[in-house]
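Single-letter residue listing:
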Amino acid sequence: MCPSGWKDGNVNAVWHALANEAGSAAEHLGVGATALGRANYAQRAYYAQAFFALSVGLERGCKLSLVVDHALEHEGKYPSNEQVKRYGHDLSSLLEAADGVAGRREIEPERRLPKSDIHDGIVGTLSNFATNLTRYYNLDLVTDAAEVEDRVDPIVEWLQRVTEPVLALHYPQRSLRRNLSRAMAIEEMVGPYMLVRFFAEDGTPIQTAGAASLRTAETEFARRWERMYVLQLARFVGAVLAELGFQAQVTGFEDIPYFSEFFSLFHNSDAYFRNRKTWSIH
C-alpha cells in the first residue's frame, strides 16, 4: 500500500491527482456552506459565491466517486476523459449515479443520498446553475431578455424552492411572533428617522426598518436549516468516497487515497451542521 503518495520510490502522480480532486471538492462544499450562511437581501453576492462553490463541490465529488468506482470495477483501469465528460453537469443525475455506487457498495441506508422536497429544491436550483441555465441570468437578461423569459433568477429560485419550504416546515409560530414584535418595536423607535431602500430576494421593496428587521430574522433562521440540508448532501458524497477509499486500500489499490480524511468535517450531526457557521477542511 502507498498511503503517502509514493510508489516505487517515486511520487505517485495518480494518487496526488485524486487527493487534490478530493480536497478541491470538499473545500468547495465548505466554502459554499459558509457563503450561504452569509447571504441575504442586502448581501446578494454571497448567493452567487454559494451557488458556484456548492455546484462545483457536488459535481467534482460525484464525478470523483464515479471515476474511482470504475477503477475498482475494472482492475485499476480508469475511464477515458471522454467518458468523464459525458457525465455532464446535471447534479441530479450525478448524485443519483453516486447513490447507485453507494447501493452496490452496500453503504448503510442512513448514509445514502438524502431525499426530501427541500433536498430536491437545493439540487434542482444548483443543477440549473451548473448547467448554465441560470448561471448567467443577469447578463442574459441584459443582452437578450427573450432568452430568459421562461427562466427564474437563481436567487429567486432558491427562495421559492429552498428558503420558503424551510420556513414553512421549521419556523415556529412563537419565533414568528417574537420577531414581529421586535420588528414593530424597531420601526416605532427608529422608523421615522431612517430611510430604508432595499429589495428582497424576489424583488419586493423593503422600505421600513421594521420590514428589514423581520426579513433579516427570517433569513437568519432559515440559513441554519438550509446549511444543514446542504451539508447532508456533502456528508453523503463524503460517505461514498470514504467507502471507496477504504475498499481500495483493502484490495491493495495504491493509487487511491483515504478519501475520508478530506471529508471528515462533514461526518457530523445535523445539529452541528446547523450551529457551525464557517466551514473549511484546512
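Heads up: the structure comes first, above all this text.
Residues numbered from 1 in each chain as written. Predicted model: local features only at pLDDT ≥ 70, side-chain atom pairs only at ≥ 80, totals over all residues. Heavy atoms only, no water.

> What's the story with the overall build of the protein chain in this structure? I'm lost.
A tally of helices and strands in the protein chain yields eleven helices and four strands. With the principal axes as the frame, the protein chain shows a C-alpha extent of 75 × 45 × 35 Å. Buried positions account for 49% of the 282 residues belonging to the protein chain. Carbon and sulfur atoms make up 53% of the accessible area of the protein chain, which totals about 14,200 Å². (Helix = DSSP H or I, 4+ residues; strand = E, 2+ residues; numbered from the N terminus. Buried < 20%, exposed > 50% of the residue type's maximum accessible area, 1.4 Å probe, protein only. Areas by Shrake-Rupley, 256 points an atom, 1.4 Å probe, with all protein chains shown as cover.)

> Can you walk me through the pattern of salt bridges in this structure?
Side chains that differ in sign of charge can pair as their charged atoms come close. Going through the model one piece at a time under the given rule, you end up with 13 salt bridges. Arginine 105 is the partner of glutamate 73 in a salt bridge, and the nearest nitrogen-oxygen pair spans 3.0 Å. Pair noted here: glutamate 73 is in helix α2 (residues 45-73) and arginine 105 is in the loop between α4 (91-104) and α5 (117-130), with a separation of 32 residues, a long-range link. For the salt bridge of aspartate 270 with arginine 235, the shortest nitrogen-to-oxygen distance reads 2.9 Å. Remark: arginine 235 occurs in helix α9 (residues 209-251) and aspartate 270 occurs in helix α11 (residues 270-275); sequence separation between them is 35 residues. (Salt bridge = Lys/Arg side-chain N within 4 Å of Asp/Glu carboxyl O.)

> Would you mind showing me how to read the nonpolar core here?
Within soluble globular proteins, side chains that are nonpolar tend to cluster in buried spots. Among the nonpolar cores identified, the biggest contains 64 residues, and Ile122, Trp158, Phe259 and Phe263 are the most heavily contacted of them. Elements with a contribution of two residues or more to this core: α1 (13-38), α2, α4, α5, α7 (154-170), α9 and α10 (260-263). For this core, the element with the highest residue contribution is α9, accounting for 15 residues. For phenylalanine 263, the residues in contact, after removing those within four places along its chain, are Ala22, Ala25, Ala26, Leu29, Ala234, Val237, Gly238 and Leu241. Core analysis: the next-biggest nonpolar cluster, separate from the first, contains six residues, Tyr41, Val196, Ala200 and Ala212 among them. (Core = buried A, V, L, I, M, F, W, Y, C linked by side-chain atoms within 4.5 Å. Contact = heavy atoms within 4.5 Å.)

> Just to check I follow, could you spell out the packing of α7 against α9 for this structure?
When two helices pack together, their arrangement is given by the angle between the helix axes and by the axis-to-axis distance. Contact geometry of α7 with α9 gives a least axis separation of 9 Å together with a crossing angle of 95°. Judged by the inter-axis angle, α7 sits roughly perpendicular to α9. Touching Trp158, Leu159, Val162, Thr163, Val166, Leu167, Leu169 and His170 of α7 are Arg215, Glu218, Phe221, Ala222, Arg223, Trp225, Glu226, Tyr229 and Val230, all from α9. Tallied by class, the residues present in the contact of α7 with α9 amount to eleven nonpolar, two polar and four charged. (Axes fitted to C-alpha atoms, helices over the stretch in contact; angles between N-to-C directions. Parallel < 35°, antiparallel > 145°, perpendicular 65-115°, else oblique. Nonpolar A, V, L, I, M, F, W, Y, C, P; charged D, E, K, R; others polar.)

> Sorry, what's going on with a positive patch on the surface here?
A cluster of like positive charges, contributed by Arg174, Arg177, Arg178 and Arg182, occupies part of the molecular surface. For arginine 177, a relative accessible area of 52% gives the class exposed. (Patch = residues over 30% accessible without salt bridge, like charges linked within 9 Å, V, L, I, M, F, W, Y side chains within 5 Å. Lys, Arg positive; Asp, Glu negative; His and termini not counted. Charge placed at Lys NZ, Arg CZ, Asp CG, Glu CD.)

> Teacher, can you tell me more about unusual backbone geometry here?
Most of the time, phi is negative for any residue but glycine, and the peptide bond is trans. Its identity as a non-glycine residue notwithstanding, glutamate 75 has a phi of 55°, on the positive side. For glutamate 75, the location among the structural elements is in the loop between α2 and α3 (81-85). Not every positive phi belongs to a glycine, and glutamate 106 is a case in point at roughly 60°.

> What am I meant to see in the packing of aromatic side chains here?
The relation between two aromatic rings is expressed through the spacing of the ring centres and the mutual angle of the planes. All told, the structure shown has ten aromatic pairs when counted by the stated rule. On the basis of an interplanar angle of 85° and a centroid distance of 4.8 Å, the ring pair of phenylalanine 52 and phenylalanine 129 is categorised as edge-to-face. With phenylalanine 52 in helix α2 and phenylalanine 129 in helix α5, this pair connects stretches of sequence that are 77 residues apart. Between tyrosine 171 and phenylalanine 221 the ring centres are 4.9 Å apart and the planes differ by 45°, which places this aromatic pair in the tilted class. With tyrosine 171 in the loop between α7 and α8 (173-190) and phenylalanine 221 in helix α9, this residue pair connects regions lying 50 residues apart in the sequence. No difference in accessibility class separates tyrosine 171 from phenylalanine 221, as the two residues are buried. Taking NZ or CZ as reference, arginine 274 lies 4.4 Å from the ring centre of tryptophan 225, over its face. Its guanidinium or amino end placed over the ring of tryptophan 279, arginine 276 lies 5.3 Å from that ring's centre, counting from NZ or CZ. (Phe/Tyr/Trp six-rings, centres within 6.5 Å; stacked < 30°, edge-to-face > 60°. Lys NZ or Arg CZ within 6 Å of the ring centre and 35° of its normal.)

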